[in-house]
Structure formats: C-alpha cells, structure tokens
Amino acid sequence: MTTQRTQRPRRAAITGIGVIAPNGLRADAYWKSVREGLVVLDRITREGCEHLPLRIAGEVRAFDAAALIEERFLVQTDRFSHFAMAATVLALDDAGLGHGDPADPYDIGVITAAGSGGGEFGQRELQKLWGQGSRYVGPYQSIAWFYAASTGQISIRGGFKGPCGVVASDEAGGLDSIALAARGVRRGTGAVVVGSAEAPLAPYSMVCQLGYPEISTAEDPGQAYRPFTAGARGFAPAEGGAMLVVEDETRARERGAAVRAIVAGHGATFTGASRWERSREGLAHAIRGALDEAGCAPEEIDVVFADALGVPEADRAEALAIADALGKHGTRVPVTAPKTGIGRAYCGAPVLDTAAAVLAMENGQVPPTPNVFDICHDLDLVMSSARPTELHTALVLSRGLMGSNAALVVRRGGDSAR
C-alpha cells in the first residue's frame, strides 16, 4: 500500500518592500519617518496648481526620475509609472532578486492597482493638441495615461512574463492587488511584483478631485487631515506608493531570502459611492472575510492600520465596523493611521500601510497617528509617539470613494508555525 505525502499548502510571503513616498524614498527612510510621526503635508508647489482651492497635499519632492529610470522608459511614461518602476527596483533588491534578466521570466508576474492613471502626461499632450495641433501629440499619449501603464512597463522593463494584471477597484484596490498576487502564488506562480503608486497632483487631476466632497480644502497643513476627531474635515491627497515582492514562502526560504511577512487573509465588499453609513456593514464583512481566510481569531489581531478617511460619518462607520468585527477586542486593540502625516495616495495608500504594518511587526512598534490628539470615537488610537509592543498579526483596512471596502491580514514573517 502506497502512503501519500500531504504537501503543505503554498503560503504567500512578502520578501521585498520598495517605497516612494512623501516622507521617504526607501523602506527604511519611510519607516523612520512613520515611526517618528513626521508630518510632511504642506502647500502644493506643482506648477499650474496655484489658483486651485485644493491647497495641501503630500508631495514627493526629492524624486529624480531621470536618475532612476532609463531614458527610453522615461519618455513613454507618466510620473505615476516612474514612481512604480523605481519602487519595483527597490523591492526586487530588497528581496534579493535583482533586476536583471530573470532565470525563468514566466515565473514572475506583475499586478498593480491604479485609481486615475497618468494625468500629468495626458494633460501635457492634450494641451499640445489644443494649442499646436495633432501633429505635435506624441505617440505615447495612447498608453502613458492609461491606468494599466505601470503593469505593462514594469513587465517589459524587468522581462517578467508571468501572470500580469491591473486592479481598478477604487482605493481599496491597493489591498485587492496584494490579495490577487497572493492567490497567484498559492496557485503556482513563483513570485509577483505587486503594489500601487499614484501621481494625482497635476492640475487636471486636481480639478477632477475637487468633485469629491470628502477632499479637504483646508489651508493649514495642521488642520487638513485629522480623522477620528471632532474637527475632521476630509482628507489631504498624496502622491507616491509602494511595491512589494510576494513569493512562495518555501521557495523564498530555499534561496535564503528573508520572509518579512505572510499574506494570510483578505476580504472585500462594495457598498456604494460616499455611502459611509453603509460602509460600516461592508467593512465589517470584509474584516470577517479576511479573518476567516487567515484562520485568525479577532483576539489575535495586534494592531489595526485604519482607513481613516477624515469624514465624520465615515470615521464613525469605521470605528463601529472594527467593533462589530472584532467584538470587545475592537476597543482595546491599538489602531493607527500613519497616512495622516503624508496624505492619502489613493490606491498607493493601503500598500504603504501594508509596508508600514510589516515594518511595525519587525520592529515591535505601533507608529503614531500624526496631527491627531483629541479623538471622539471608542478606539485605542495610537497618538503622539510610537508604542512599543510585540506584534504578530496586523489588520490593514481600506475604503474607496466609489464604495469599495477591503481588509488584509498579514502575519509576522518569523512566525512560521502560525
């Protein structure tokens, strides 16, 4: 009689983190700023934006695309793809995969999430069309503005021919893309480069955002983005984001890579644009789905990285959703929203939060929520300074302005028995 060996299910591990954010251009610089609660929200300095009522945002000011990206890719792409390509190189280096020709190009895929695409590139070319005529419009206008451009360019630049895709599910798509990558790895793909970076601070893009009632038009950086407080008046946008390398845990360990975290569970729902009261039920359902997939009890969650929209009814719905899904533990678990120091980078925001969650677990510290001192909800919100504590499991939350809700459970990489 032949005895069949039971093979352990493949687990999706995060082995590389690349960050391009307003408060840091590498994961270590980003973490240092997040841990210290650094606030970089400030007046928007981008040309052509001076007359707009949107005054405060998180800009990536020290980014030199020409120093990081080859000219042939630079001229074809928008700033949002420049961020994504630069973050990809950082993530691959961090994972120890390098960025030359992969040994098996069909074993590495690419997935990105995008909310708006290349507004700066598109605006520039359309201005040429209106001002000079169609002969002056560059051929790359047809692709550079497209929300799928970053996936395509990362794949071409890296020689990655595995499963590729683009997630367009609102801001929550940042978490959905990570879940899609993890499922691909569990089904047999060796590794996936995944994440999101956004560049929404071009004039045309900013005019579009002014249609969102949730956006903050405050002129004081200290008052522009203060979720969970009585003075909440919307969110400040940001550019930038993060890319991750997600790969099979066994393969990663065999090649000597550090397993930084395990993508354990994900849940997603949809409750409709700006229907924030309904998002309570939808977000709670997403949290329960993520916990179920992770095989995780509510009491195992050591920290929650909140969506933290900064709109009173949305903040209330999120606080209640955490309580609904986690029970009594929901009022005791540390909650944080480091994005209040840099702004919300749309689809890039929850990927940055996921990176922060991994770094928080590695360093045993819950980072603070900058600019927030007087909450009006029943949450244990970490404020003022980082809180040292042992962290094994983190819950990351995200909601989009069009109604998507998502939750992601990640576990500390060293906890291999979990």
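What you see is a predicted model, and the numbers here were worked out from it, not measured in a lab.

**Considering the pattern of salt bridges**
Two side chains with opposite charge may pair up if their charged atoms get near one another.
Okay, so step 1: As enumerated under the stated definition, the model contains 28 salt bridges in all.
Okay, so step 2: A salt bridge links Arg55 to Glu219, with the shortest nitrogen-to-oxygen separation between them at 3.9 Å. One end of the pair, Arg55, is in the loop between strand S2 (42-43) and strand S3 (56-57); the other, Glu219, is in the loop between helix H9 (203-209) and strand S7 (240-248), with 164 residues separating them in the sequence.
Okay, so step 3: In this structure Arg55 comes out as partly exposed when scored by relative accessible area, which is 24%.
Okay, so step 4: Overlapping salt bridges bring together Glu171, Asp307, Glu318, Arg344 and Arg399 as one network.

**Let's talk about the environment of Phe305**
Okay, so step 1: Relative to the helices and strands, Phe305 resides in strand S9 (residues 303-305).
Okay, so step 2: In the structure, Phe305 is positioned 29 residues away from Pro334 in sequence and 8.8 Å away in space, judged by C-alpha atoms.
Okay, so step 3: Ignoring any residue separated from it by four or fewer positions in sequence, one finds Phe305 in contact with Thr336, Pro338, Asp353, Ala356, Ala357, Ala360, Pro367, Leu395, Val396 and Leu397.

**Regarding the side chain of Thr269**
Okay, so step 1: Tracing the chain through its elements places Thr269 in strand S8 (residues 261-270).
Okay, so step 2: Overall, the relative accessible area of 19% leaves Thr269 in the buried class.
Okay, so step 3: Among the polar contacts listed, one links the side chain of Thr269 to the backbone oxygen of Gly282, at a separation of 2.8 Å.

**What about the state of the cysteines?**
Okay, so step 1: Per the stated rule, a full pass over the model turns up 0 disulfides.
Okay, so step 2: Between Cys164, a cysteine without a disulfide, and Cys347, which holds the nearest cysteine sulfur, the sulfur-to-sulfur distance is 18 Å.
Okay, so step 3: Looking at Cys164, the relative accessible area reads 39%, which means it is partly exposed.

**Considering the confidence of the model for the protein chain**
Detailed reading of predicted coordinates is not advised where the pLDDT is low.
Okay, so step 1: For the protein chain, the mean per-residue pLDDT works out to 93, and 97% of the residues sit at or above 70.
Okay, so step 2: The model gives residues 1-6 a pLDDT under 50, and that stretch makes 0 contacts with residues more than four places away or in other chains.

**A short note on the packing of aromatic side chains**
Okay, so step 1: As enumerated under the stated definition, the model contains 5 aromatic pairs in all.
Okay, so step 2: Here Phe63 and Phe83 contribute two aromatic rings whose centre-to-centre distance is 4.9 Å and whose plane-to-plane angle is 70°, an arrangement assigned as edge-to-face. You can see Phe63 sitting in the loop between S3 and helix H2 (65-68) and its partner Phe83 sitting in helix H4 (residues 79-95), a full 20 residues away along the chain. In terms of burial, Phe63 and Phe83 fall into one category: buried.
Okay, so step 3: Between Phe146 and Tyr147, the aromatic rings sit 4.7 Å apart at their centres with planes inclined by 55°, giving tilted as the arrangement.
Okay, so step 4: In this structure Tyr147 comes out as partly exposed when scored by relative accessible area, which is 34%.
Okay, so step 5: Every member of this aromatic cluster is reached through a ring pair, and the members are Trp145, Phe146 and Tyr147.
Okay, so step 6: Sitting over the ring of Phe235, Arg344 keeps its end group 5.5 Å from the ring centre.

**Looking at the packing of helix H1 (residues 27-36) against helix H13 (residues 348-363)**
Okay, so step 1: For the pair H1 and H13, the least separation of the axes is 10 Å and the interaxial angle reads 80°. Comparing their axes, H13 and H1 come out roughly perpendicular. Seen from H1, the contacting residues are Ala27, Tyr30 and Trp31; seen from H13, they are Leu352, Asp353, Ala355, Ala356, Leu359, Ala360 and Asn363.
Okay, so step 2: Here the contact of H1 with H13 is built from residues that sort into 8 nonpolar, 1 polar and 1 charged.

**What to know about the sheet that holds strand S1 (residues 12-20)**
Strand pairing in a sheet relies on backbone hydrogen bonds. The paired strands run either parallel or antiparallel.
Okay, so step 1: Spatial ordering of the open sheet is given by S5-S4-S6-S7-S1-S8-S15-S14-S9-S10-S12, a layout of 11 strands whose pairing is mixed. Bordering the open sheet on either side are strand S5 (164-167) and strand S12 (380-381), each of which pairs with just one other strand.
Okay, so step 2: Sheet topology places strand S4 (residues 108-113) next to S5; 4 bridges connect them, and they run parallel. Bridging across to S5, Ala113 finds its partner in Val167.
Okay, so step 3: In the packing of helix H11 (residues 276-294) onto the sheet, contacts are made with S8, strand S14 (393-399) and strand S15 (404-412), and the angle to S8 comes to roughly 145°.

**What about the pairing of S8?**
Okay, so step 1: Along S8, 8 of the 10 residues are buried, which leaves the element largely enclosed by surrounding structure.
Okay, so step 2: Pairing geometry for S1 and S8, over 2 bridges, is antiparallel. Bridge pairing in S8 places Ala13 opposite Ile262.
Okay, so step 3: Here S8 runs beside S15; their pairing, made up of 9 bridges, is antiparallel. Within S15, the residue paired with Val263 across the bridge is Val410.

Parameters and conventions
Residues numbered from 1 in each chain as written. Predicted model: local features only at pLDDT ≥ 70, side-chain atom pairs only at ≥ 80, totals over all residues. Heavy atoms only, no water. Salt bridge = Lys/Arg side-chain N within 4 Å of Asp/Glu carboxyl O. Helix = DSSP H or I, 4+ residues; strand = E, 2+ residues; numbered from the N terminus. Buried < 20%, exposed > 50% of the residue type's maximum accessible area, 1.4 Å probe, protein only. Contact = heavy atoms within 4.5 Å. Polar contact = N/O pair within 3.5 Å; in protein donor to acceptor, adjacent residues only side chain to side chain. Disulfide = S-S within 2.5 Å. pLDDT = per-residue confidence, 0-100. Phe/Tyr/Trp six-rings, centres within 6.5 Å; stacked < 30°, edge-to-face > 60°. Lys NZ or Arg CZ within 6 Å of the ring centre and 35° of its normal. Axes fitted to C-alpha atoms, helices over the stretch in contact; angles between N-to-C directions. Parallel < 35°, antiparallel > 145°, perpendicular 65-115°, else oblique. Nonpolar A, V, L, I, M, F, W, Y, C, P; charged D, E, K, R; others polar. Pairing = 2+ DSSP bridges.

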